[in-house]
Amino acid sequence: MKNVLVTGGAGFIGTHLCEKLYDLNYKVIVYDSLSSQVHGEGADIPSYLRDKVEFINGNVIDRDKLMNVVKRVDKVIHLASETGVGQSMYEVERYSNGIIQGTSILWDILANEEHGVKKVVLSSSRAVYGEGKYSCENCGIVYPDSRDKQRLEKGDWELYCPNCNEGLTQCATDERALLKPTSIYAIGKKTQEEISMVMGRALNIPVSVVRYQNVYGPRQSLSNPYTGILSIFTARLKSGKPINVYEDGLESRDFVHVSDAVDGTILCLENEVADYEVFNIANGVKTTVMEVANILTEYLNPNLTPVVTGNYRLGDIRHCYADITKAKELLGYYPKFDIGTGIKSFLDWSEKESFQDLSDKAERELIAKGMLEQCSAN
C-alpha cells in the first residue's frame, strides 16, 4: 500500500484531498494542528475522515513529532500553511513560522534523517505572481510592481507600465512569469517553493509545486474572516448584511473549485512528468469580485445589494488569472467546474452549515493596523 503524509490535511483542501487519496487506496496520515482560526476552539478531526485516515495533532514546527511521521511514509503533500494576505501584513512572525520555518524543518528532516520519502508535492499560491503578467502597447510583456498608494487613494485602481507609464492589458499568467510577491504571505509561499526545489534536487527527491488560484467549494470555513471571498461573502449574507466590495468591484480573480484543485494535486503526485515542475492549478478564467457578489446575493438574499465601498487593502492585487496550458498538456488537467456550477455546489453545502460573520471584526483589525484604507474619491 502507498503511504502518504498530508500536512494540513484536516483543512479545507486537505479533507477533500485525503478522501480522494483514500479512494485511490493510499494509506493516509494527516498531520494538522487544527488551528482555532480555521477549525474553531477545541476542534477534532472531521468525522467523515476518522475511518479513512490516521490523524496526528501536531504543528509543522515541532521537529521531533513531524520527524516520526515523515519516517513512516513514501510521499508527502505539504499543505500546512497560514492563510490570509491581509492578516499576514501584521502577524509577520506567525506567518513566517507557519510557512517558511515549517517547510525548512520538513526539508531538514529529509536531509538528515533516515526515511523512504520518494516524492514531495508542495501547495503554493497565485500570490507569488503579485500583479502578474500584462501587455503594454509600447513595451510588450511587462510585470508591474505593486500599485502606487497615491493612485489608490484617488480611486485609480488599474495598472500602468513600469517603463512608459501607459495603461496595460491583462494577460493570463503562466508559470514562467516573474514572481513579484506583494505580501508577507506571498513572500512565504515563494520562499517555500525555492527551498523545496533546491533541496529536492540536492537530495534527489522529486518535487512538484502546485500554484492554486482562488480555491473555493464545500467545507471552506464560513467563520474565518481572513481568507476565502466566497465564504466571507456568504457569512455576511446569511447574517442579513450586504456584501462589502473593495475598490470598484471590478478587480478579478481566477476561482477554481476544490474538486479540480484536488485532481490537479493528485496528477502531480502520481506522474513523473510533474517532477521538479511548477503548475498553475486553476480554472483559467477571470471573474470579477462584483460578479461573485451578485451571484451569491441573488441566491441567498436578493433583497440586499452589494455595497461598493472604495476601501482598498494594502498588499492586494488588482487582477490575476492563470494560463493552465502547461497543466493541460503535461498532466491532462482539465477543470470540470465553471463559476456558476461551482458556486451552486458551495451554496448547496452551506445550507446546513453553521457560520459566524466576523468580517466587520477583521476589517476593524485591518484599519487599526493601517492595512485597509478609503480612497478620497468616495
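Here goes a summary of the coordinates provided. What you see as residue numbers is a count from 1 along each chain, following the sequence as written. The predicted nature of this model means local features are confined to residues of pLDDT at least 70 and side-chain atom pairs, given and counted, to a pLDDT of 80 or more, with totals for whole chains, interfaces and linings taken over all residues. The basis for every side-chain value is the complete set of heavy atoms in the structure, and neither hydrogens nor water enter the calculation.

**Observations concerning the nonpolar core**
For this analysis, a nonpolar core means a set of buried residues of the types Ala, Val, Leu, Ile, Met, Phe, Trp, Tyr and Cys, connected via side-chain atoms within 4.5 Å. For every residue, the accessible area obtained with a 1.4 Å probe (protein chains only) is divided by the maximum for its type, and the residue is called buried under 20%, exposed over 50%, and partly exposed between those limits. Counting residues in hydrophobic clusters, the biggest one holds 37 residues, and the most contacted among them are Val6, Leu17, Leu21, Val28, Ile77, Tyr212 and Val215. For this core, the elements supplying multiple residues, two or more each, are β1 (2–7), α1 (12–23), β2 (26–32), β9 (207–212), α9 (258–270), β14 (277–281) and α11 (325–331). In this structure leucine 21 touches Val4, Val6, Tyr26, Val28, Ile77, Ile266 and Leu269, once residues within four positions along its chain are discounted. If you look at the next biggest cluster of nonpolar residues, it comprises 26 residues, including Met67, Val70, Val76 and Ile195. The helix count covers DSSP runs of H or I at least four residues long, the strand count covers runs of E at least two residues long, and both are numbered beginning at the N terminus. Only heavy atoms matter for contacts: two residues are in contact if any of them lie within 4.5 Å across the pair.

**A look at helix α3 (residues 63–70)**
Those residues of α3 that fall on the buried side of the exposure criterion are Leu66, Met67, Val69 and Val70. For α3, the buried positions fall inside an angular range of 165° around the axis, keeping them on one side. In this structure, the buried residues of α3 make contact with β1, β2, β3 (53–57) and α5 (92–112). By definition, the arc is the one covered by directions from the helix axis to the C-beta atoms.

**Things to note about the packing of aromatic side chains**
Ring geometry is summarised as follows: Phe, Tyr and Trp rings, the Trp one being its six-membered ring, pair when their centres sit within 6.5 Å, and such pairs are stacked at plane angles under 30 degrees, edge-to-face over 60 and tilted between the two. On inspection of all chains with the given rule, the structure shows three aromatic pairs. Residues phenylalanine 346 and tryptophan 349 carry aromatic rings whose centres are separated by 5.9 Å and whose planes lie at 35° to one another, so their mutual orientation is tilted. With phenylalanine 346 and tryptophan 349 both in helix α12 (residues 339–350), this residue pair falls three residues apart, about one helical turn. Lying over the aromatic face of tyrosine 160, arginine 151 brings its terminal NZ or CZ to 3.8 Å of the ring centre. Over the aromatic face of tyrosine 48 sits the side chain of arginine 219, whose NZ or CZ is 4.0 Å from the ring centroid. A ring is scored as having a charge over it whenever the NZ atom of a lysine or the CZ atom of an arginine sits within 6 Å of its centre and within 35 degrees of its normal.

**As for the packing of α3 against α5**
To define axes, lines are fitted to C-alpha atoms, for helices over the stretch in contact only, and angles between the resulting N-to-C directions are given on a 0 to 180 degree scale. At a closest axis distance of 10 Å, the pairing of α3 and α5 adopts a crossing angle of 55°. The orientation of α3 with respect to α5, classified from their angle, is oblique. When you trace α3 past α5, the crossing you get is right-handed. Each of Arg63, Leu66, Met67 and Val70 in α3 lies in contact with α5, whose residues at this interface are Ile105, Leu106, Asp108, Ile109, Leu110 and Asn112. Throughout, the ten residues Ala, Val, Leu, Ile, Met, Phe, Trp, Tyr, Cys and Pro are labelled nonpolar, Asp, Glu, Lys and Arg are labelled charged, and all others, Gly among them, are labelled polar. Counted by class, the contact of α3 with α5 contains seven nonpolar, one polar and two charged residues. Throughout, the term roughly parallel applies to angles under 35 degrees, roughly antiparallel to angles over 145, roughly perpendicular to angles from 65 to 115, and oblique to all others. Less than a right angle of anticlockwise turn of the near helix away from the far helix marks a crossing as left-handed, whereas a clockwise turn marks it as right-handed.

**Section: the sheet that holds strand β5 (residues 119–125)**
The rule for pairing is simple: two strands pair if DSSP sees at least two bridges between them. With parallel pairing, seven strands are arranged side by side in an open sheet as β3-β2-β1-β4-β5-β9-β14. Edge positions in the open sheet fall to β3 and β14, since each of these has one partner strand only. The sheet shows a mean angle of 20° between the axes of neighbouring strands, direction not considered. This element, α3, spans β1, β2 and β3 of the sheet and lies at about 175° to β2. Contacting β4 (75–78), β5, β9 and β14, helix α7 (residues 184–203) crosses the sheet at an angle of about 160° to β5.

**Section: the environment of cysteine 161**
Relative to the elements of secondary structure, cysteine 161 occurs in the loop between α6 (149–153) and β8 (169–170). The sequence separation of cysteine 161 and serine 135 amounts to 26 residues, and the corresponding C-alpha distance is 8.4 Å. Not counting the four nearest positions on each side in its chain, cysteine 161 is found in contact with Cys136, Cys139, Val142, Glu166 and Leu168.

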